[in-house]
Amino acid sequence: SQTIHQWPATLVQPVGSPLSLECTVEGTSNPNLYWYRQAAGRGLQLLFYSVGIGQISSEVPQNLSASRPQDRQFILSSKKLLLSDSGFYLCAWSETNTGELFFGEGSRLTVL
Amino acid sequence: AQSVAQPEDQVNVAEGNPLTVKCTYSVSGNPYLFWYVQYPNRGLQFLLKYITGDNLVKGSYGFEAEFNKSQTSFHLKKPSALVSDSALYFCAVREYTGLQKLVFGTGTRLLVSP
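Sequence positions are assigned chain by chain, starting from 1 and proceeding in written order. For naming, the first written chain is A and the first written ligand is 1, with later ones following in the order written. Note on the predicted model: pLDDT of at least 70 is required for a residue's local features to be given, and 80 or more for side-chain atom pairs to be given and counted; whole-chain, interface and lining totals, by contrast, use all residues. The basis for every side-chain value is the complete set of heavy atoms in the structure, and neither hydrogens nor water enter the calculation.

Trainee: Any chance you could break down the packing of aromatic side chains for me, citing the residues and the numbers?
Mentor: One pair of aromatic rings is described through two measures. These are the centre distance and the angle between the planes. In this scheme Phe, Tyr and Trp rings, the latter by its six-membered ring, pair at centre separations within 6.5 Å, and the angle between planes marks the pair as stacked below 30 degrees, edge-to-face above 60, and tilted otherwise. Applying the stated criterion across every chain yields a total of 15 aromatic pairs over all chains. Taking the centre distance of 5.9 Å and the plane angle of 50° together, the rings of Y36 of chain A and F103 of chain A count as tilted. In this pair, Y36 of chain A sits in strand β4 (residues 32-38) while F103 of chain A sits in strand β10 (residues 101-103), placing the two residues 67 residues apart along the sequence. Assigned by exposure class, Y36 of chain A and F103 of chain A land together as buried. An angle of 70° between the planes, with centres 5.9 Å apart, marks the rings of Y36 of chain B and F46 of chain B as edge-to-face. Linking Y36 of chain B in strand β5 (residues 31-38) with F46 of chain B in strand β6 (residues 44-50), this pair joins segments that are 10 residues apart in sequence. Above the face of the F63 of chain B ring, K78 of chain B is positioned so that its terminal group lies 5.0 Å from the ring centre. Note on conventions: DSSP H or I runs of at least 4 residues are helices, E runs of at least 2 residues are strands, and numbering of each starts at the N terminus. Only protein chains enter the area calculation, which uses a 1.4 Å probe; residues under 20% of their type maximum are buried, those over 50% are exposed, and those in between are partly exposed. Whether a charge sits over a ring comes down to the Lys NZ or Arg CZ being within 6 Å of the ring centre and within 35 degrees of the ring normal.

What follows is the structure, given as C-alpha cells:
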C-alpha cells in the first residue's frame, strides 16, 4: 500500500533563516505531488505541484520554492523565511487519472 | 476557473441527528468532486468522491454525498451524527479534463454535541 511521509512535524525558525521541508511517497511510481499551506486552521492554498522529476509548477508568487530531485521526493524550501511564512504545510500525492489526493500529516512552521 | 463554496463556517448538530454540510461548485466542464475531513493538527483524510455514475456516493465512516448537477451541489450527509464526527470538513473539485490539481473550499467546522 502507498504511504506518504512528511517531516519535520514541527519547526520553529527565526526570520531570515532557511527552510527545508521534505516529503516522500512509498508504494507508487510517478505520482503527482503537491504542497499546500493552511493558514489559521482553515483554507488550503496550493503552493506548488509536480507531475514529474524536475517539473514544478508554482501557483502563487512567494518566498518559497519547491524541488523534485527524485520521483517520489518533494522538497519545499526557502532561503530566508518571513513572518508570513508561518503556517501548516501539507504535502499530498495523487495518481494520475483520478485526481484524488492523499495527504501527509503536515508540518507546522512557526517563524519568530 | 474552477471554484468551490462552502457557505457555512460551522454546523452544529446533536448526536444521533442527521447532518448536512453544504458544498456548491463551479467548473467549465464535468467535475470530479471530493470530500475530506481534518482533525486538529492532522492532515486531511479522504472521505468520498464523485467521478461519474450514481449521484449518491457512499464513503467512509457512514458518510455519503449527493451530486446534483442542476444545482451544482455536492452536499455531505450522514443519517446519525456521532460526537467523534466533530472535525473540519473540506469539499474540493477538479475539472474532468483539467490539470491534476484540486481546488478546496474554505472548510466547514462540524460540532456534534452529546
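Resuming the write-up.
Trainee: Please give an account of the pairing of strand β12 (residues 108-113) of chain B that cites residues and values.
Mentor: All names here are of chain B. Where burial is concerned, the two faces of β12 differ: the one with T108, L110 and V112 is buried and the one with R109, L111 and S113 is not. Here, strands pair whenever DSSP counts at least two bridges between them. Where strand β2 (residues 10-14) and β12 come together, 5 bridges link them in parallel fashion. Directly across from Q10, in β12, lies its bridge partner R109. Of the pairings in the sheet, the one linking strand β10 (residues 87-95) to β12 comprises 3 bridges and is antiparallel in character. Considered in β12, the bridge of L88 is made with R109.

Trainee: An account of the interface of chain B and chain A is needed here, citing residue identities and associated values.
Mentor: Working rule for contacts: check all heavy atoms of both residues, and any pair within 4.5 Å makes them a contact. On the side of chain A, 24 residues touch chain B, which itself brings 24 residues to the contact. By definition here, a salt bridge exists when the distance from a side-chain nitrogen of Lys or Arg to a carboxyl oxygen of Asp or Glu is within 4 Å. The interface formed by chain B and chain A holds 2 salt bridges in total. Between E105 of chain A and R42 of chain B there is a salt bridge whose closest N-O contact spans 2.4 Å. Polar contacts, as used here, are pairs of N or O atoms within 3.5 Å; protein pairs need one atom able to donate a hydrogen and one able to accept it. Residues neighboring in sequence count only if both atoms are side-chain atoms. Here chain B and chain A share 6 residue pairs in polar contact (both at pLDDT 80 or more) between them. Partitioning the side of chain B that touches chain A into residue classes produces 11 nonpolar, 7 polar and 6 charged. Each residue gets one of three labels, nonpolar for Ala, Val, Leu, Ile, Met, Phe, Trp, Tyr, Cys and Pro, charged for Asp, Glu, Lys and Arg, and polar for the others, Gly among them.

Trainee: Report on the side chain of T108 of chain B, specifying residues and quantitative values.
Mentor: Note on placement: T108 of chain B falls in strand β12. Residue classification places T108 of chain B among the buried residues on the basis of a relative accessible area of 0%. Within the structure, T108 of chain B has its side chain in polar contact with the side chain of Q6 of chain B (distance 3.1 Å). Once residues lying within four places of it in the same chain are set aside, the contact partners of T108 of chain B are R42 of chain A together with Q6, E8, D9, Q10, V11, V21, A87, L88 and Y89 of chain B.

Trainee: Before we move on, could you go through the state of the cysteines and cite the residues and values that matter?
Mentor: We call a pair of cysteine sulfur atoms a disulfide whenever their separation is within 2.5 Å. For the structure on display, the rule yields 2 disulfides over all chains. Covalently, C23 of chain A is tied to C91 of chain A through a disulfide, its sulfur atoms 2.0 Å apart. Because the torsion about its S-S bond is -75°, the bridge between C23 of chain A and C91 of chain A counts as left-handed. Within this pair, whereas C23 of chain A is found in strand β3 (residues 19-26), its partner C91 of chain A is found in strand β9 (residues 87-94), the two being separated by 68 residues in sequence. Under the relative-accessibility criterion, C91 of chain A is labelled buried at 0%. Between the sulfur atoms of C23 of chain B and its disulfide mate C91 of chain B the distance is 2.0 Å. Taking the torsion about the sulfur-sulfur bond, which here is approximately -65°, the covalent link between C23 of chain B and C91 of chain B counts as left-handed. You can see C23 of chain B sitting in the loop between β3 (19-21) and β4 (24-26) and its partner C91 of chain B sitting in strand β10, a full 68 residues away along the chain.

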